[in-house]
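Coordinate analysis (summary)
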Amino acid sequence: MLSNPLSSIILVGLKHSGKSTMGKLLAKKMSSDFIDTDEVIEKITGLSPRDLYNKKGPAAFMLAEEEACRKIVAENPNKQLVIATGGGICDNAPALNELQSIGNFVFLRLDMEFSIKRIEAKISKDEFGNWQNLPAYVATYEPKTMAQIHQILEQRFTERFASYEAISETVVQLKNAPIEENFKLITGALNIN
């Protein structure tokens, strides 16, 4: 339940937890605008969040994420929005502070193993033995095996779960289920008819 039902809804959660998909559905149901912070970052920098992180490093990425959140707040005064955030925003206090000024954080809590499996399914090695589709924050550890990647993801996600829960007013436990079923869980938790 939201403390201020007229506030914006800011969706946080792990990569592949459905923030963008659910955010678009929620915005439509609420007749609100939907904004994805990753898309705003790309408009500002001309780079996808992954490319920005890989080419310019985590500090540049976090500054761009903060700028994106500031832009969202500045360009939408007194508007109720549904905002999907990047999975690592919980590590970016200035960005969180910007968004907190206009809304309530809602943690879409999907089973960690499900998120890890979805990420791992996209990871492969090229003919030179280089990892492909490895999240940038995992690549910094220079893992050699899938087991090491799994361990890094598990540790990072455990930390992120704690951060998401600490900042969120509402936690919605999602299931490995069809979109419609999870959407009902979200609208029920937020008391949106």
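Look above for the structure.
A brief report on the enclosed structure follows. None of these values were measured; they are calculated from a predicted model.

1. Observations concerning the nonpolar core
One broad trend across soluble globular proteins is that nonpolar side chains are buried collectively. I89, L99, Y137, V138, L153, F157 and Y164 are the most contacted members of the largest nonpolar core, which has 37 residues in total. Broken down by element, the residue count for this core peaks at 6 residues, all from helix α8 (residues 146-167). Apart from residues lying up to four places away in sequence, Y137 is in contact with Y53, I119, L153, R156, F157 and R160. Core analysis: the next-biggest nonpolar cluster, separate from the first, contains 16 residues, L11, F183, I186 and L190 among them.

2. Some words on unusual backbone geometry
Within the chain, H16 stands out as a residue other than glycine whose phi angle is a positive 75 degrees. By the secondary structure assignment, H16 is in the loop between β1 (8-12) and α1 (19-30). Its identity as a non-glycine residue notwithstanding, E142 has a phi of 50 degrees, on the positive side.

3. A short note on helix α3 (residues 49-56)
For α3, the complete set of buried residues consists of P49, L52 and Y53. An end-on view of α3 places all buried positions within 95 degrees of arc, on one side of the element. For α3, the secondary structure elements touched by its buried residues are α2 (37-45), α4 (58-75) and α7 (136-139).

4. With respect to the pattern of salt bridges
In total, this model carries 7 salt bridges according to the counting rule given. The salt bridge partner of E66 is R70, with a shortest N-O separation of 3.1 Å. Note that E66 and R70 are positioned in helix α4 at a spacing of 4 residues, about one turn of the helix. Overall, the relative accessible area of 38% leaves R70 in the partly exposed class. One salt bridge in this structure joins R70 and E98, with 4.0 Å as the shortest N-O distance.

Cut-offs used in this document
- Residues numbered from 1 in each chain as written.
- Predicted model: local features only at pLDDT ≥ 70, side-chain atom pairs only at ≥ 80, totals over all residues.
- Heavy atoms only, no water.
- Core = buried A, V, L, I, M, F, W, Y, C linked by side-chain atoms within 4.5 Å.
- Buried < 20%, exposed > 50% of the residue type's maximum accessible area, 1.4 Å probe, protein only.
- Helix = DSSP H or I, 4+ residues; strand = E, 2+ residues; numbered from the N terminus.
- Contact = heavy atoms within 4.5 Å.
- Arc of directions from axis to C-beta.
- Salt bridge = Lys/Arg side-chain N within 4 Å of Asp/Glu carboxyl O.

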